[in-house]
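What follows is the residue order along each chain.
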Amino acid sequence: MPTKPGVQVVKKDKSVEDYDASKITDAVSKAAFRCDKIVPQATLDAIAREVYRRIEHRDRVTVAELHELVIAALSFFQMKEVGEAYAEYRYYKTTYAKTFEQLRQDADDVLRLGDRENANYDSSLVSTKGSLIKGYLTKSLYKQFYLSGLEKELIERGDIYIHDLRDMILGCINCCLFDIGSVLKGGFEMSNVEYTEPKTVLSALQVIGDITLVATAQQFGGFTLPELDKVLLPYVLKSEAAALEKFRQMGVADDVAREFAVKETVRELEQGFQSLELKLNTVPCSRGDFAFTTITFGQWKPENYTAAEREWLSTISRTMLRVRKKGHGRHGKPVVFPKLVYLYDRDQIANDKPSAELFDEALRTSAECMYPDYLSLSSESGSVSQIYQRYGAITSPMGCRAFLSLWKNEEGQAITVGRCNIGAVSLNLPIILKITQMQRPDDWREAFWEELDRRLDVIRQFFKKRYDIIRNQKCSSNPLAFTQGGLYEGTKDPDDKVGDLVRYMTASFGITALDETTYLWTGKRLVEEGGELSAKILRYIGDRLAQYKKEDGHLYAMYGTPAESLCATQAKQYDRFCEKNEIDNVFRHTEHYSPEYFTNSFHVNVTEEISPFEKQDREFTDFHLCEGGHIQYIRLDNPENLAAVRAFVERGMEKGFYQGVNFDSAYCGDCGRHSTNVLFTCPHCGSRNLSVISRVCGYLGYSNVNGVSRMNDGKMAEIKNRKSM
């Protein structure tokens with residue numbers, strides 16, 4: 001590219017530098033990206049030559065003049081869209097002024113009012129306020145400079161929703177099944193400090209808490225410690241052996257020493273789980289939120305363990321459950337983290353006494369605390385059961401309800417622990433349906449699938465970029481995952497790139513508001529229509545994802561989006577779309593629907609008057625079509641009825657569900673008593689000083705803390721309307 005000696009560019013700060021044609025080609029290439037265009041290098045060079053031709057007779061040219069010449073050259077080459085994108089960037093001062101005014105307003109709102117987008121944030125804390133304000137900035141930067149023009153258009157209108165947009169600029173992973181056992185074994189390095197392998201179960205649980213707070217700060221989404229009981233078993237045996245030796249040296253008789261050693265080890269377990277709960281519920285990670293941690297437990301093959309080891313595996317989990325039931329403080333105030341998930345194996349429970357005792361303890365805990373949820377490993381239905389039965393690998397849930405796709409290593413082994421996903425993008429099906437009806441009123445039912453295809457392809461292209469970004473991240477960006485063994489094959493050098501580790505990462509295509517979509521299409525609610533349309537939509541998307549997976553080599557999955565704040569966001573976007581296009585928003589005056597929120601994923605409307613068994617049956621098909629993210633929950637009016645709790649859970653396990661039970665668990669700060677299915681007033685003393693735990697979507701959160709909720713208005717409106725959830 002010619003550069004004439006003497007041709008200089010006068011910059012805005014009045015400094016002068018030599019004309020550099022490569023800056024022209026780079027700027028045009030970036031402008032093309034923002035409007036979803038790719039300009040061949042030969043054309044870029046031709047544009048730069050055209051600009052140079054127009055200035056080669058001059059000694060100096062200002063930056064402002066140079067920009068106008070580039071726009072003129074793009075017009076000369078009949079590249080109108082690229083020229084408009086370039087001009088939009090050129091006039092950045094106006095854009096920046098508007099953006100920073102909005103950022104200032106957002107910051108002021110957080111400082112004065114807090115933020116209730118995510119029940120996992122306590123926005124009264126200074127650290128959380130700082131994190132939220134930083135998030136507004138990173139979200140704005142990402143939207144302005146890293147999204148294509150079409151992506152920006154669709155997220156602004158609401159056709160698609162890119163989850164965790166504030167984190168995208170960082171190039172980090174999303175939810176994961178963290179291999180905590182591999183990190184602990186043999187010791188590890190964290191924050192440039194070497195840790196030796198724990199010698200007791202108490203120290204193991206304390207270190208696990210530290211690791212969780214550090215590791216979750218390097219990602220977004222859920223952080224699962226899968227099969228933690230089996231991870232803790234060797235440290236329990238170390239504690240028992242050390243205690244036994246101590247008592248023997250004290251001259252205690254052997255049988256009594258063994259009894260004392262067991263009691264001391266159980267006490268260590270209690271202290272360890274209490275410490276872990278306190279950390280996860282009182283200490284925000286450096287991201288500003290409380291670490292969304294999940295622990296799965298309860299499955300072991302009896303033939304692989306001695307009777308003593310099986311008893312310890314049961315004791316580890318029963319102790320964890322008792323700690324959860326006991327709560328903290330004088331009156332046993334409950335907590336919400338970590339999320340607990342029991343791994344249900346029917347044959348194991350039937351043939352192993354410690355397993356049966358643990359399952360009984362789990363049911364009693366669910367009746368008081370709503371946790372644990374239950375994941376079926378022994379059903380004839382569902383990919384989780386199929387993967388376990390065929391390969392012996394357990395696919396624990398991540399975060400609220402995300403699941404990884406099947407992936408096998410080069411030896412043909414199914415690998416689950418040590419894997420992650422890279423994010424989720426959700427469709428707003430009601431808006432897509434309305435757009436189709438507007439554009440093609442005569443054949444909108446046929447045109448809907450074409451419109452859906454276009455949105456799916458946008459999400460697909462976005463994820464392809466995400467895979468490339470993560471592939472080129474350095475492992476030092478998340479050292480516990482990529483250099484200390486937290487993820488599969490994650491023992492690379494800090495300066496290495498993540499590289500081919502992306503081959504086992506899943507990307508999630510989210511589905512919301514199937515109930516509202518069914519009503520718009522048929523005039524009937526999901527439960528009335530019978531699910532024919534919802535299943536058709538899910539199968540259609542599933543077929544497309546299978547095609548994309550084959551063509552791109554990536555693990556795409558369909559995700560029943562939980563829609564915590566999104567339930568309100570998408571409803572507002574739909575309402576705004578209807579108002580702008582002068583369309584009647586039927587949800588403003590239709591029984592069973594609220595303009596304040598959309599229904600989560602494939603679930604039936606929360607106002608439906610149906611029994612728990614009916615709800616399980618109705619959601620069965622759609623649950624199993626959304627294999628990349630799903631949960632099934634039913635509402636209990638009398639959770640103290642343990643026989644009913646057992647019946648609901650066992651029926652859900654036969655259906656291959658990831659099953660939860662719902663009620664509202666209230667703790668009174670005045671009288672210290674507990675009650676269920678109460679939101680605002682203590683039934684024992686009339687106080688409004690309540691801490692109320694409700695199911696947000698797939699996890700539990702505080703719907704009321706002394707009269708204030710951490711949940712957004714849309715979610716609170718849904719909670720008030722719940723009858724079947």
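In case you missed it, the structure is sitting above this.
Here's a quick rundown of the structure. Computed from a prediction, not measured in an experiment: that's the story for all the values here. (Residues numbered from 1 in each chain as written. Predicted model: local features only at pLDDT ≥ 70, side-chain atom pairs only at ≥ 80, totals over all residues. Heavy atoms only, no water.)

What to know about the packing of aromatic side chains
Thinking step 1. Under the criterion given, the structure shown has 39 aromatic pairs.
Thinking step 2. On the numbers, 5.5 Å between centres and 50° between planes, the contact of Tyr574 with Phe587 is tilted. With a gap of 13 residues between them, Tyr574 in helix H23 (residues 566–580) and Phe587 in the loop between H23 and helix H24 (612–625) connect regions that are remote in the sequence.
Thinking step 3. For Phe587, a relative accessible area of 2% gives the class buried.
Thinking step 4. Site record: aromatic cluster; members linked through ring pairs are Phe462, Phe463, Tyr467, Phe509, Tyr548 and Tyr556.
Thinking step 5. Over the ring of Phe613 we find Arg651, and its NZ or CZ is 4.4 Å from the ring centre. (Phe/Tyr/Trp six-rings, centres within 6.5 Å; stacked < 30°, edge-to-face > 60°. Helix = DSSP H or I, 4+ residues; strand = E, 2+ residues; numbered from the N terminus. Buried < 20%, exposed > 50% of the residue type's maximum accessible area, 1.4 Å probe, protein only. Lys NZ or Arg CZ within 6 Å of the ring centre and 35° of its normal.)

Describing the side chain of Arg460
Thinking step 1. The residue Arg460 is located in helix H18 (residues 444–471) in this model.
Thinking step 2. For Arg460, a relative accessible area of 10% gives the class buried.
Thinking step 3. The residues contacting Arg460, other than those within four sequence positions of it, are Phe509, Tyr548, Glu551, Asp552 and Tyr556. (Contact = heavy atoms within 4.5 Å.)

Regarding the state of the cysteines
Thinking step 1. This model, assessed by the stated rule, comprises zero disulfides.
Thinking step 2. Free of any disulfide, Cys176 has its nearest cysteine sulfur in Cys420, 6.7 Å distant.
Thinking step 3. Left without a disulfide partner, Cys578 is nearest to the cysteine sulfur of Cys567, which lies 17 Å away.
Thinking step 4. Taking relative accessible area as the criterion, Cys578 reaches 1% and is therefore assigned buried. (Disulfide = S-S within 2.5 Å.)

A word on the pairing of strand E15 (residues 632–635)
Thinking step 1. Covered by surrounding structure in E15 are Gln632 and Ile634 together with Tyr633 and Arg635, the residues of both alternating faces.
Thinking step 2. Two elements, E15 and strand E16 (residues 658–662), share four bridges in a ladder whose sense is parallel. Paired with Arg635 across the two strands is Asn662, which belongs to E16.
Thinking step 3. Between E15 and its parallel partner E16, the chain crosses via helix H25 (residues 642–654), and the hand of that crossover is right-handed. (Pairing = 2+ DSSP bridges. Right-handed = clockwise from strand over helix to strand, strands pointing away.)

Notes on helix H1 (residues 21–34)
Thinking step 1. Between its terminal C-alpha atoms H1 stretches 21 Å, which fits the 20 Å expected from 14 residues at 1.5 Å a residue.
Thinking step 2. Positive phi shows up at Asp36, right after H1, with a value of about 65°. (Expected span 1.5 Å × (residues − 1).)

With respect to the packing of helix H12 (residues 254–282) against helix H13 (residues 307–326)
Thinking step 1. At a minimum axis distance of 9 Å, the contact between H12 and H13 shows a crossing angle of 50°. What the angle tells us is that H12 and H13 run oblique. You can see that H12 and H13 cross each other, and the crossing is right-handed. From H12, Val262, Thr265, Val266, Leu269, Glu270, Phe273, Gln274 and Glu277 reach across to H13, where they touch Trp312, Thr315, Ile316, Thr319, Met320, Val323, Arg324 and Lys326.
Thinking step 2. Here the contact of H12 with H13 is built from residues that sort into eight nonpolar, four polar and four charged. (Axes fitted to C-alpha atoms, helices over the stretch in contact; angles between N-to-C directions. Parallel < 35°, antiparallel > 145°, perpendicular 65-115°, else oblique. Left-handed = near helix turned anticlockwise from the far one by under 90°. Nonpolar A, V, L, I, M, F, W, Y, C, P; charged D, E, K, R; others polar.)

Honestly, that's just the spatial picture; any functional story needs more than this.
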